[in-house]
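These are the residues of each chain, in order.
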Amino acid sequence: MKIASFVRDGEIDCGLVEGDQGYRIFDNHPVIGSLNPESRIFHLLGLSPEERDRVDEEMKGAPLISRNEIKLLPAIPHCPLYIYNHANNPTVWKRQINREWEVTRLPYMRIRSYSCFSGDGWEIPIHPGTTLSCGAELGVVIGREAYRVPSEKAVEHIAGLVCLNDNFIEGDHEAFIDNSSPESEMHQHQGLHVLFKTGDGNGGMGPWITTAEEFEKIIENRLQQQASDRYRNVYAASWVYDKMMWTKINGEICDEAYTGTYLFGAEWMITYLSRFMTLPTGSIVGLGAAGWDGVHLPIMDKPGATVEVAVELQGVGTSRTTVRRQAVDEVSESPFIKNITAAGLDPTMAMKKRPGRTLWVQRGNNPESDPGLPVTGLNPILFPTTALKEDDSPIILPPHATSIHLSVQVAGIVGPGTLYGLGSDGQKINEKECIERICLFVSVRDTSLIDAIKDPFPYEMRAAYFFSSCADGFFRLSDPLPYKDIVDLSAQTIKMSLPGIGERNYRIADYRFGFSEMLAMISRTITLFPGDVVSLGAA
């Protein structure tokens, strides 16, 4: 089964790919046809392979629509979580880390934001003076929700595979980089690399999803027998690791890779991540580039110049993107809103239906909170939406947690409108026009992750910092106050009190950077939506 998402009659829907003929739609299906069109893909992904096989059979005579009648969307338009790996193959690891062949004990993963998703045939605009590299990446699609999944059951949570375009744009954030010391620059890269990869449209995802049972049938045909449950468990999802991937620029193959080279596999990732965070149905776990770490595009200095990029995954298909150089007067326009409008959707409705708030947290913004961290520049980190809660339910610690660190943070809630390109026109940012409400939140960090590693090197320390706060509900928001009612935020003091331990006061004036600097850095390439949360970090 190949499932494509698209816009049809102004609505998000999905259908089954029928070769070059088009797509079979679910309108007349007795069960799926009764569902909201936007939720159909999640229903399909949550089914077992046997249940999807039955649906596939029931759809043989379903109505067929042509490709001219639809506009392809990202394979999962409202993807609840897109988490991807970095340096997950020997070539990239050796080139970037230069640690001989000492393999990391923790995978280094990051989050892509909702506005970065793009579909087959979409356009990625790049600002003047920037460079873009790209590469085919394997995406594992989560079927049934995964939480604390044992390793022998991990394969049961893989619904299928999707081809990802691992775009990486540099040159937009030079004004925010602190080059005062190699140590500061290295640590700041944790936030910079998130921004480089999660700009609007950078997360190519498509052209569709090929489901697990399609690949299992190929394996069974090779064996000339039906794969038993024992075989599936022993060999896990072997079909994940026998695929070729290609990256093409203007039709020419520039890189090819093999998915069997990954250091950390899909099952390991699902088991590890689900120890402390929920992987909802429709989540994507990107295993990283399997070949060379980014193919650089040819230089295109002239505004309006374009390059065609295609990434192909064996057994799935080819996802195509047009990269276009922008003129100076275009850099304040949100590419997300432009692409959504071009797809035939209402941007306002798309924003309202996004799966949760985006959560940005500054790291090292207060020398008192991170005295040993050599960061003096802006360093925003993106965390999963599942880490943010606004209720008083208990915080559930992972089974492995033996020590935790608590901090109180000052956060702003974006509103009333969307934000993009703030300060790019040289105008001063008025925080109260961009931040609607101010709140405090308590942040929990599971410090046992780094404590468990003997002599961690910087790569592992950055990975542990990210994972330490990713657990469900580790960020707890307080009731917000209207920002307009606060006369001077920097003059305020925060008190944190823990019964039986003591209390401590924090001054907001001790933060190195405020909301205006943080918003300018993030919105340089990323659209922020009303309700998104930006934290100044530990007070």
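Scroll up to find the structure.
This write-up is about the structure you can find in this document. (Residues numbered from 1 in each chain as written. Predicted model: local features only at pLDDT ≥ 70, side-chain atom pairs only at ≥ 80, totals over all residues. Heavy atoms only, no water.)

Here's the deal with a nonpolar patch on the surface
Judged by side-chain polarity, Ile395, Leu397, Ile404, Leu406 and Val442 come together as a nonpolar surface patch covering roughly 350 Å² of accessible area. One can find Ile395 in the loop between strand 23 (388-389) and strand 24 (404-414). (Patch = residues over 30% accessible without salt bridge, like charges linked within 9 Å, V, L, I, M, F, W, Y side chains within 5 Å. Areas by Shrake-Rupley, 256 points an atom, 1.4 Å probe, with all protein chains shown as cover. Salt bridge = Lys/Arg side-chain N within 4 Å of Asp/Glu carboxyl O. Helix = DSSP H or I, 4+ residues; strand = E, 2+ residues; numbered from the N terminus.)

Comments concerning the environment of Tyr483
Among the structural elements, Tyr483 can be located in the loop between strand 27 (481-482) and strand 28 (493-498). In contact with Tyr483, other than residues within four places in its own chain, are Glu431, Lys432, Ile435, Glu436, Arg437, Ile438 and Leu489. (Contact = heavy atoms within 4.5 Å.)

Topic: the pattern of salt bridges
The final tally for this structure, using the stated rule, is 25 salt bridges. One salt bridge in this structure joins Arg40 and Asp13, with 3.2 Å as the shortest N-O distance. With a gap of 27 residues between them, Arg40 in helix 1 (residues 40-46) and Asp13 in strand 2 (residues 11-18) connect regions that are remote in the sequence. For Glu390, the salt bridge goes to Arg357, with nearest N and O atoms at 3.4 Å. Residue Glu390 is found in the loop between strand 23 and strand 24, and its partner Arg357 is found in the loop between helix 9 (347-352) and strand 21 (359-362); the two are separated by 33 residues along the sequence.

Topic: the packing of aromatic side chains
Tallied over the full model, the rule gives 19 aromatic pairs. Centroid distance Tyr82 to Tyr84: 6.3 Å. Interplanar angle 85 degrees. Geometry classified as edge-to-face. By relative accessible area, Tyr82 is classed as buried at 1%. Given a relative accessible area of 0%, Tyr84 falls into the buried group. Following the ring pairs from residue to residue traces out a cluster consisting of Phe264, Trp268, Tyr272, Phe276, Phe383, Phe441, Phe466, Phe467 and Phe475. The aromatic ring of Tyr108 is capped on one face by Arg110, whose charged end is 4.6 Å from the ring centroid. The aromatic ring of Tyr465 is capped on one face by Arg363, whose charged end is 3.9 Å from the ring centroid. (Phe/Tyr/Trp six-rings, centres within 6.5 Å; stacked < 30°, edge-to-face > 60°. Buried < 20%, exposed > 50% of the residue type's maximum accessible area, 1.4 Å probe, protein only. Lys NZ or Arg CZ within 6 Å of the ring centre and 35° of its normal.)

With respect to the sheet that holds strand 13 (residues 168-170)
The three strands are arranged 13-10-18 in an open sheet whose pairing can be described as antiparallel. Each having just a single partner strand, strand 13 and strand 18 (295-296) make up the two edges of the open sheet. Two elements, strand 10 (residues 131-134) and strand 13, share three bridges in a ladder whose sense is antiparallel. Paired with Leu132 across the strands is Ile169, a residue of strand 13. (Pairing = 2+ DSSP bridges.)

A closer look at the pairing of strand 19 (residues 306-313)
Sheet analysis places strand 15 (residues 244-249) next to strand 19, joined by five bridges and oriented antiparallel. Paired with Lys248 across the bridge in strand 19 is Ala310. Across eight bridges, strand 19 lies against strand 20 (residues 317-325) in antiparallel orientation. In the sheet register, Thr306 faces strand 20, and the bridge partner there is Arg324.

Re the side chain of Thr318
Here Thr318 shows up in strand 20. Look past the residues within four positions of Thr318 in its chain and what remains in contact with it is Asp120, Pro207, Ala310, Val311 and Glu312.

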